[in-house]
Amino acid sequence: MHSKKPFYILVILLFISGITASVFRGIEHNVPFLPGEQIQSWAVDAKVSFQGTGEPAEVSFALPHDPAFEVLVENASSPGYGLTINKDNPLDHRVLWSVRAANGLQNLYYKVTLIPTGITKINALEEPVTPQPYVWPATEKDAAKQVIDKVWGMSATNLTFAQQLNKALNATERSQNVELLLSSNSPTKLFLHMLHNKGIPAQEVSGLFLEDQRRRQQLTNFVEVYNEGEWLLFNPADGTQGRSDNVLLWDRSGKSTLDVTGGVNSKVNFSMLQDTRSALATSIDVMKSKGTFDFSLYQLPLEEQSLFKGILLIPIGVLMVVFLRVIVGLKTSGTFMPVLIALSFIQTTLVTGLIGFILIVACGLMIRSYLSQLNLLLISRISAVIIVVIGIIGLFTLLSYKFGLSEGLTITFFPMIILAWTIERMSILWEEEGPKEVVLQGGGSLLVATLAYLAMSATWIQHWVFNFLGIHLVILAAVLLMGQYTGYRLLELRRFKPLAGE
Amino acid sequence: MRLEFANPSLLRKSGVLGMNKRNIDYIGRYNPRKFYKRVDDKLTTKQLAIDNDIAVPALIGVVREQHEIEAIPAMVNEEDGFVIKPSKGSGGKGILVITKVEAGRYFKPNGQEVSHSEIYRHVSNILSGLFSLGGSPDVAIVEGLIQFDPVFDGYSYEGVPDIRLIVYKGFPVMGMLRLSTAASDGKANLHQGAVGVGVDIGTGKGLHAVQFDTPIDVHPDTNKKLTDIEVPHWDFLLNTASKAYEMSEMGYLGTDMVLDKVKGPLLLELNARPGLAIQIANGRGILPYLDHVDSLGNHNMTVSERVEYAKKHFCHSDKL
């Protein structure tokens, strides 16, 4: 006998690659592991307005760049303007509007939909250069030196220096020196200059506080301080450190957020809206926008997608049948007929399906018993049964329509050829072994079909088999493995009970 | 009905063979696909048996085409009774037994008359493949009725008792006598309610009996004690079964034989997928016997040597 090693290696490979593919799908593409999962998304509108002077105008506007948020959709609207979105520099995404002549009030819009990624840490792409020390005006020099020296003394590292400094600038009872410095500097600038004085890399960034249904919001200035490969966020205006979930970093370029040439009184306003959307639809949109969409079922037209949703359920039904036959030991009439019946149940729902199936088979058996007296050839008899089955289905559909039972209309989903064969076999079974065996075997098939239906109709299973195709490799591995199972079937334990020894 | 499950490790210890293991380790491994026709097609089996000097029930005729059905009455004109069966049937499906032919009228064992049109329809169904595996077109065999040996009188109700032997690599390893009952409607199939009596390979004596997988002591219809049975022509039966191995080249084989009053033991059919109820009828698992045969490795024994070996070692009084 040949070695089973390659077989087990194959099974293990299938299992591992199936699981890996599914987990990759879930983590890398953010496909939710459970169906119906919802996530929050933010729609942010930026409105840039300025007064045109009749000259050619150029508007350069920084775009949000924040690892904590992923851009799902973005677009800029600006009738009559030339539009370029520049994304070459990873730190400095900008949109550039241009027009030959701008007269009067101009409004330009940029809309973006963002989804939180949960990554609040900002890693530095490269080691920042040590900043040039700030040169203080003569009037501020001593005051600044005293403040810096005092805070420096109370700190141990760059980080603690920044923390202490932020605290000192926002203390309820600030020293004379601080008050003096703040009278001529904004807290942000002051904080930045003092950090630069000690050679600590820091830069000004602007961020937006996201709040549902807010309009006419302005950007808030923050300071990023570099510490051990990471940029940490400080808000010198209120002395807080770190970032809350509702802060969106808009501009980290260190340059101005909005540049307008050929216009005056330029300003930018933000309005925002929180939205709840399906996590699955969102991750599909993200895949689409990232271009990782090429080789997946999602790119099929919707009609084919829904077809595949049905087809991909069959492995589940097949797995159920293999399990119930090989491990449990149930008998079914026709190996995979229960799977086909279960597929129809998905269309008809369980109770309607069961009633419909029993009605059709019962009526079919009655008509078949008449046909059996005619001494027809088997082929023509089955053909006659098929036509009669269609008639029965038509009749039931019509009757249920007349009685206003919309459930009855789904009866047409039963595969007619299968039904005809079922009726034929049941009828022979009836003649050969009596009605008891018909009820037993038919009941067994319906039981397996019902169990297969319950497995196939579970929403999370439907979600998994369509969105995590790797699961099919796992099913394949399980089916192969069960094909090698030489142990006892569950029902054999009962059957062979008398042999179990004293 | 109480649901009682056996502990699988106890079953394994008793050497009980399960369906999955049978399919993979015995049928899948020792029954080559290409030889299945020899056992699945009863007409081929019959031909092979005749070529190998194994006695079989008389062949009255074969019906291959629809129009040949008309010839049946003429065919059976001289017979006292006859059996119509599908050549590729399984599990006793599609077998029609006529025990009495009287002036062109046919009667079943229970005395019920069977009309010509019923025969016509039955044969037509056989030809269309209704009873054959996979529904492939089939032929109908018309066989002479077996005049069964009166030794089993009182043990069988209406039908013909048959003797099932499991032959593993040419060694008869387990035997069972199948007796029809009122519940089985004269048929000898255990799942239809026939009684199975485990028979000692060494002596041909009854050991233990079951109906519907439950041990019983007496025949449900005749109340005769089943373990008193002793099968006559036992050596001959063992030899025939053992010969069927060479003939079919199936490593794991079920042979079904009947005892005819006049012709002695006849080979009825072979089975490449014999059921497992024989273990319950014998009150023990079959695996120790199969393992014993495996332990012999490649041997060069003749049919009679194998039978002698089996009688000596697979005797139930002998502890394995």
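Residues numbered from 1 in each chain as written. Chains lettered and ligands numbered in written order. Predicted model: local features only at pLDDT ≥ 70, side-chain atom pairs only at ≥ 80, totals over all residues. Heavy atoms only, no water.

Enquirer: Is there a simple way to think about the overall build of chain A in this case?
Expert: In terms of helices and strands, chain A carries 16 helices and 14 strands. Its C-alpha atoms give chain A principal-axis dimensions of about 120 × 70 × 45 Å. Across the 502 residues in chain A, those meeting the buried criterion constitute 43%. For chain A, the proportion of contacts with a sequence separation of at least 24, taken over those separated by at least 6, is 77%. For chain A, the exposed surface amounts to about 26100 Å²; the carbon and sulfur share of it is 61%. Across chain A, 38 positive and 40 negative side-chain charges occur, with their mean positions spaced 6 Å apart. (Helix = DSSP H or I, 4+ residues; strand = E, 2+ residues; numbered from the N terminus. Buried < 20%, exposed > 50% of the residue type's maximum accessible area, 1.4 Å probe, protein only. Contact = heavy atoms within 4.5 Å. Areas by Shrake-Rupley, 256 points an atom, 1.4 Å probe, with all protein chains shown as cover. Lys, Arg positive; Asp, Glu negative; His and termini not counted. Charge placed at Lys NZ, Arg CZ, Asp CG, Glu CD.)

Enquirer: Even after reading the chapter, I still don't get the interface of chain A and chain B, so can you show me in this structure?
Expert: The extent of an interface is frequently quoted as the accessible surface area lost upon association of the parts. The interface is formed by 32 residues belonging to chain A together with 43 residues belonging to chain B. When the two sides are added together, the surface that chain A and chain B hide from each other amounts to roughly 3400 Å², 57% of it contributed by carbon and sulfur. The interface formed by chain A and chain B holds 0 salt bridges in total. Here the side of chain A that touches chain B gets 6 residues from one element, more than from any other, and that element is helix α12 (residues 416-433) of chain A. When its residues are assigned to classes, the side of chain A that touches chain B shows 14 nonpolar, 7 polar and 11 charged. (Buried area = accessible area lost by both parts, 1.4 Å probe. Salt bridge = Lys/Arg side-chain N within 4 Å of Asp/Glu carboxyl O. Nonpolar A, V, L, I, M, F, W, Y, C, P; charged D, E, K, R; others polar.)

Enquirer: Honestly, the sheet that holds strand β2 (residues 82-86) of chain B in this entry has me stumped. Any pointers?
Expert: All names here are of chain B. Ordered by their spatial adjacency, 4 strands build an open sheet running β1-β7-β2-β3, and the pairing between neighbours is antiparallel. Both outer strands of the open sheet, β1 (59-63) and β3 (96-98), are each paired with one neighbouring strand and no more. Averaged over all pairs of adjacent strands, the angle between their axes in this sheet comes to 15°, without regard to strand direction. Where β2 meets strand β7 (residues 140-144), 5 bridges bridge the pair, whose relative direction is antiparallel. Across the sheet, the residue bridging to F82 is G144, located in β7. Seen against the sheet, helix α6 (residues 116-128) touches β1, β2, β3 and β7 and runs at an angle of roughly 30° to β2. (Pairing = 2+ DSSP bridges. Axes fitted to C-alpha atoms, helices over the stretch in contact; angles between N-to-C directions.)

Enquirer: Please clarify how the packing of aromatic side chains should be interpreted in this entry.
Expert: For any pair of aromatic rings, the description rests on two quantities: the centre-to-centre distance and the angle between the ring planes. One pass over the full model with this rule turns up 21 aromatic pairs over all chains. Where Y26 of chain B meets Y252 of chain B, the ring centres are 5.8 Å apart and the plane angle is 40°; that geometry is what we call tilted. Taken as a pair, Y26 of chain B in helix α2 (residues 19-30) and Y252 of chain B in strand β13 (residues 252-260) lie far apart in primary sequence, 226 residues in all. Y252 of chain B carries the same exposure label as Y26 of chain B, and that label is buried. Both rings, one in Y309 of chain B and one in F314 of chain B, keep their centres 6.4 Å apart while their planes meet at 75°; by these two values the pair is edge-to-face. Each member of the pair, Y309 of chain B together with F314 of chain B, is buried. By the ring-pair criterion, three or more aromatic residues cluster together here, those being F61, Y110, W250 and F270 of chain A. The lysine or arginine in question, K309 of chain A, covers the ring of F466 of chain A, its NZ or CZ lying 4.9 Å from the ring centre. Positioned over the ring face of Y155 of chain B is K224 of chain B, at 4.8 Å from the centre of the ring. (Phe/Tyr/Trp six-rings, centres within 6.5 Å; stacked < 30°, edge-to-face > 60°. Lys NZ or Arg CZ within 6 Å of the ring centre and 35° of its normal.)

Enquirer: Hey, could you run me through the confidence of the model for chain A in this one?
Expert: Detailed reading of the predicted model is not advised wherever pLDDT is low. Of all residues in chain A, 98% have pLDDT values of 70 or greater, and the mean over the chain is 83. When pLDDT is averaged over each element of chain A, helix α15 (residues 470-482) of chain A comes out on top at 93 and helix α6 (residues 279-290) of chain A at the bottom at 75. (pLDDT = per-residue confidence, 0-100.)

Enquirer: Looking at this structure, I do not really get a nonpolar patch on the surface. What am I missing?
Expert: Residues and elements named next belong to chain A. Residues Y8, I12, F15, I16, I19, V23, I27, F33, L34, W460 and L481 make up a contiguous nonpolar surface patch of about 1100 Å² in total accessible area. For the nonpolar patch, the element with the most residues is helix α1 (residues 5-28), which contributes 7 residues. Among the secondary structure elements, L481 is positioned in helix α15. With relative accessibility at 41%, the residue L481 sits in the partly exposed group. (Patch = residues over 30% accessible without salt bridge, like charges linked within 9 Å, V, L, I, M, F, W, Y side chains within 5 Å.)

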